[in-house]
Amino acid sequence: MLFRAAGRVRAWERGEVLIRQGGRADSVVLIIGGLTKITAESANGYTSVLALRGPGELLGEMSCLDGSKRSATVTAMDRVEGVVVGAEAFRRLLSENGALSVSVLCSVVARLRHSDNSRAGYGAHPAKSRLARVLLDLAGRYGVALDTPAGAIAVNMNQQELAGATGISRESVVRCLRAMQHEGVVSTSRGRTVVLDIGKLREQTDE
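*Asks:* Is there a simple way to explain the pattern of salt bridges in this structure?
*Replies:* Between side chains of opposite charge, a pair can form when the charged atoms approach closely. Counted under the stated rule, the structure contains eight salt bridges. The partner of Glu-81 in a salt bridge is Arg-79, and the shortest N-O contact between them spans 2.8 Å. Connected via shared salt-bridge partners are Glu-13, Arg-79 and Glu-81.

This is how it looks when you write it as structure tokens:
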């Protein structure tokens, strides 16, 4: 309610950029509907998928708080609606509402902790296990339940995006997905991976 009163609602279509890396931190976005991906491009041109963000999550708050340039790009993965609040209005909301400040702080801490834990876990495992961990996390947080087959969960990321999220090459992702398909764990189609057996996928996170 506070955000809606302080900002404006707008929409972005699939592929549109909400926030661009290196840009000026002039606003935050509270996602109402849809899914976004957060990517960062390194000096050598490699693009890493840092995270996905969905309804109820805030985008761009860290750079608005410290005044730094945007550290990543946020792109709509489907049609996204959100409340855009200017940086000055956002900082004023936090200064006037202690509960909101604590909520934003807890959200930032949770993201940092999740990122640290994920990086530590991924680095200690081979490619197939790392991919299984990423798919398990994405399926649990942002997966779309399908009617058929029963219990299937769709992860709407293509192979290049999974490579960026996992920190392995696209070729390795293709090989790992092929092996998982043979084992009946996943199926793939253009732009998405369907987890067919969440239990078997969980078992592969420790291989």
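*Asks:* Would you explain empty space enclosed by the protein in this entry?
*Replies:* Empty space among the atoms can be located by rolling a probe the size of a water molecule over them. Per the stated rule, a full pass over the model turns up one cavity of 30 Å³ or more. When its volume is computed, the largest cavity comes out at roughly 40 Å³. Around the largest cavity, the lining residues are Leu-35, Leu-52, Met-77, Leu-138, Tyr-142, Gly-143, Ala-154, Val-155, Asn-156 and Met-157. Those elements that place two or more of their residues in the lining of the largest cavity are α5 (127-142) and β10 (153-155). Broken down by class, the residue content of the lining of the largest cavity amounts to eight nonpolar, two polar and no charged.

*Asks:* I keep staring at the pairing of strand β12 (residues 192-195) and nothing clicks. Help me out?
*Replies:* Across three bridges, the pairing between β10 and β12 is antiparallel. Directly across from Val-155, in β12, lies its bridge partner Thr-193. Relative to β12, strand β11 (residues 186-189) runs antiparallel, the two sharing four bridges. Bridged to Thr-188 within β12 is Thr-193. Between β11 and β12, which follow one another and run antiparallel, lie two residues, and Gly-191 among them has a positive phi close to 85°.

Conventions used here
Residues numbered from 1 in each chain as written. Predicted model: local features only at pLDDT ≥ 70, side-chain atom pairs only at ≥ 80, totals over all residues. Heavy atoms only, no water. Salt bridge = Lys/Arg side-chain N within 4 Å of Asp/Glu carboxyl O. 1 Å grid on protein atoms, 1.4 Å probe; cavity = no way out; pocket = protein on both sides within 12 Å on 5 of 7 lines; lining within 4 Å. Points joined across faces, edges and corners; volume = space filled by probe spheres on them. Helix = DSSP H or I, 4+ residues; strand = E, 2+ residues; numbered from the N terminus. Nonpolar A, V, L, I, M, F, W, Y, C, P; charged D, E, K, R; others polar. Pairing = 2+ DSSP bridges.

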